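Per-entry structural report
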Amino acid sequence: MRNDTFQNPVLTGFYPDPSIVRVNEDYYLAASSFAYFPGLPIFHSRDLVHWEQSGYGISRPQQLDYQNCETSLGLWAPTIRYHEGLFYIINTFVSQGREARRDNFIITAKDPAGPWSDARFIEGADGIDPSLFFDRDGRMWYTGNYISSPQSYEGHHGIYLCELDRETFQIKGERKIIWDGAKTGSRWLEAPHLYYENGYYYLIAAEGGTFKHHSVVMARCRTIDGDYEFYPGNPVLTHRHLSPEHEISVTGHADLVQTQHGEWWMVLLGVRPYRDGHFNLGRETFLVPVRWDADGWLHADNDDGLVHARERLPGLAYFHTAPAFSSDNFDSARLSLLWNSIHPCPEHYFSLTARPGFLRLCLQPQVLHEICTPAFLGRRQQHSSFQMQAAMEFTPACEAEEAGIALVQDDRFHYTATVSMEDGQPVIRAACVKNSVRTTLARQPLHRAGRLYLTVSADKAGYHFYYGYEPQQMTALVTGADPVLLSSVTNAGFTGTYLGMYASSNGQESENHADFDWFLYEGSTG
């Protein structure tokens, strides 16, 4: 393998809508998280290729209440920026429905690792995917998406600009449309970012929707609020003309950064399909070199203008990240950055101190197949082929109680393998939820309750579920479970598959709990 290239994506698994900023020799990146908590993961790098997570923009429930929203709602498309010693994240909060309320807010921090401030909402800032731009005179500008009213065609969106007050973060002065999508026949114009280079203000945006027609487009103007000239070669970058079976698809939603040595790079989202355009890992973060040509427009700095699985390295020194572990022995008193809950999770749902060395999940009445906050802690699936295993100790007290592992796309589409009780005896049951309908796939009696090892592996044939009384004992429960059930295409959503631990009393109150000794995850390139 050549040592002068890197492997895309640079962030594997569900890390969509990347935004990036450089502060001296340090690079910081933020990504969308939708209904998962903590929200807005933030990463740090010094070479643009090797990243380590430093924290979350939303890490306290009181910062923002997004209980009971659909999995693909919540926190959309952050932009991270830095100005005069302060980091800013501007973000869209979708609280009720995809066609309902959308509010935009700003949080700030002196350290990107946190703590970040409570959300400060911007009155009158409608639309999605806002961005901030600090001009050379220190003025603070907002660009955002709007839906034209009335719409002359489906997907008739545009981009507007307005100044924000530096202290209150509220709109000051007039709001001006700087790109009406109708002028370029654009559909679903969104994700705008402003930059100043070569005497021009450049506007980068996403166009075509977030699936197969996704793309990056651009325009420019000598003044920030003037009449923008559209790049005649738009889109700047897209894979829409390629087969949906291409190794990288759905490329778009980009942000730019210039290195301290003058190179320009683009971070953007893309997916890696495995069959008929399906993808389970969610939209991932890719990196591609770009350049400003003599015509003053931006181009991908490679042979064909595409995003490649292997790309040349940036001209930056190798960044030695801190060790990152894909597995967890639950030896710390604090939950690893690896784990997320669905919506902000109350502290009493789990404990790392009640039984040191174990993660205790307390059974809750909430269930995975409803929009709620179940007792679930999960991590992203980051490889098409993987093996995960959990060591669980659990004794159900009644037939309503269950605990085990879950593979989750959302409340409507997921798999579970859980221990429960039937006719007074412990059983293990595999189930799937498809279009909100729960079906038992397999059931096996257990010789005893207590400690059990639950295993899932995945390959081209699907997901395979096993159980055993010893770590190496793998009795098949279900093999070849259809992976398409957990595809982002199947649920028409924006998230990726989560793998994790689950406990429920199915509508009843319970004082029972399940203890997890460890959780192992090993990815494979196969």
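Keep in mind that what you see is a predicted model, and the values were worked out from it rather than measured.

**Section: the side chain of Ser-420**
- As for its position among the elements, Ser-420 is in strand β31 (residues 413–422).
- Looking at Ser-420, the relative accessible area reads 2%, which means it is buried.
- Of note is the side chain of Ser-420, whose polar atom sits 2.8 Å from the side chain of Arg-429.
- Once residues lying within four places of it in the same chain are set aside, the contact partners of Ser-420 are Pro-396, Glu-401, Glu-402, Gln-425, Pro-426, Val-427 and Arg-429.

**Details of the pattern of salt bridges**
- Inspection of every chain in the model, using the stated rule, returns 27 salt bridges.
- Note that Asp-118 is salt-bridged to Arg-60, the shortest N-O span being 2.9 Å. One end of the pair, Asp-118, is in the loop between β9 (102–109) and β10 (120–121); the other, Arg-60, is in the loop between β6 (52–58) and β7 (74–83), with 58 residues separating them in the sequence.
- Note on Asp-118: relative accessible area 39%, which makes it partly exposed.
- Residue Arg-60 is classed as partly exposed on the basis of its relative accessible area of 24%.
- What emerges from the salt-bridge pattern is a single network uniting Arg-355, Arg-360, Glu-393, Arg-451, Asp-515 and Asp-517.

**Re the nonpolar core**
- In terms of nonpolar packing, the biggest core is built from 49 residues, with Tyr-463 and Phe-465 touching the most fellow members.
- If you tally residues by element for this core, the top one is strand β29 (residues 385–394), at five residues.
- For Phe-465, the residues in contact, after removing those within four places along its chain, are Leu-407, Tyr-415, Ala-417, Thr-455, Val-456, Thr-475, Ala-476, Leu-477, Val-478 and Ala-481.
- Judged by nonpolar contacts, the second largest core, of 39 residues, contains Phe-14, Ala-35, Tyr-36 and Trp-116.

**As for the side chain of Thr-5**
- Mapped onto the secondary structure, Thr-5 falls in strand β1 (residues 5–7).
- On the basis of relative accessible area, Thr-5 is assigned to the buried category, the value being 14%.
- A distance of 2.9 Å separates a polar atom in the side chain of Thr-5 from a polar atom in the side chain of Arg-310.
- Residues in contact with Thr-5, not counting those within four places in the same chain, are Arg-310, Glu-311, Arg-312 and Leu-313.

**With respect to the sheet that holds strand β21 (residues 264–271)**
- What the four strands build is an open sheet, ordered β20-β21-β22-β23; its pairing is antiparallel. Each end of this open sheet is capped by a strand with a single partner; those strands are β20 (249–258) and β23 (298–300). Going from strand to strand, the sheet's axes swing by 40° on average, the running direction of each strand aside.
- Both β20 and β21 contribute to a ladder of six bridges, which runs antiparallel. Note that in β21 the partner of Val-257 across the bridge is Trp-265.

**Let's talk about the packing of aromatic side chains**
- On inspection of all chains with the given rule, the structure shows 31 aromatic pairs.
- Judged by centre distance (5.0 Å) and plane angle (35°), the rings of Tyr-231 and Trp-297 are tilted. Of this pair, Tyr-231 sits in the loop between β18 (229–230) and β19 (237–238) while Trp-297 is found in the loop between β22 (284–292) and β23, placing the two residues 66 residues apart along the sequence.
- On the basis of an interplanar angle of 25° and a centroid distance of 5.5 Å, the ring pair of Phe-386 and Tyr-521 is categorised as stacked. Of this pair, Phe-386 sits in strand β29 while Tyr-521 sits in strand β38 (residues 513–524), and the two are 135 residues apart along the sequence.

Definitions and cut-offs
Residues numbered from 1 in each chain as written. Predicted model: local features only at pLDDT ≥ 70, side-chain atom pairs only at ≥ 80, totals over all residues. Heavy atoms only, no water. Helix = DSSP H or I, 4+ residues; strand = E, 2+ residues; numbered from the N terminus. Buried < 20%, exposed > 50% of the residue type's maximum accessible area, 1.4 Å probe, protein only. Polar contact = N/O pair within 3.5 Å; in protein donor to acceptor, adjacent residues only side chain to side chain. Contact = heavy atoms within 4.5 Å. Salt bridge = Lys/Arg side-chain N within 4 Å of Asp/Glu carboxyl O. Core = buried A, V, L, I, M, F, W, Y, C linked by side-chain atoms within 4.5 Å. Pairing = 2+ DSSP bridges. Axes fitted to C-alpha atoms, helices over the stretch in contact; angles between N-to-C directions. Phe/Tyr/Trp six-rings, centres within 6.5 Å; stacked < 30°, edge-to-face > 60°.

Note that every value here comes from positions in space, so none of it alone points to a role or purpose.
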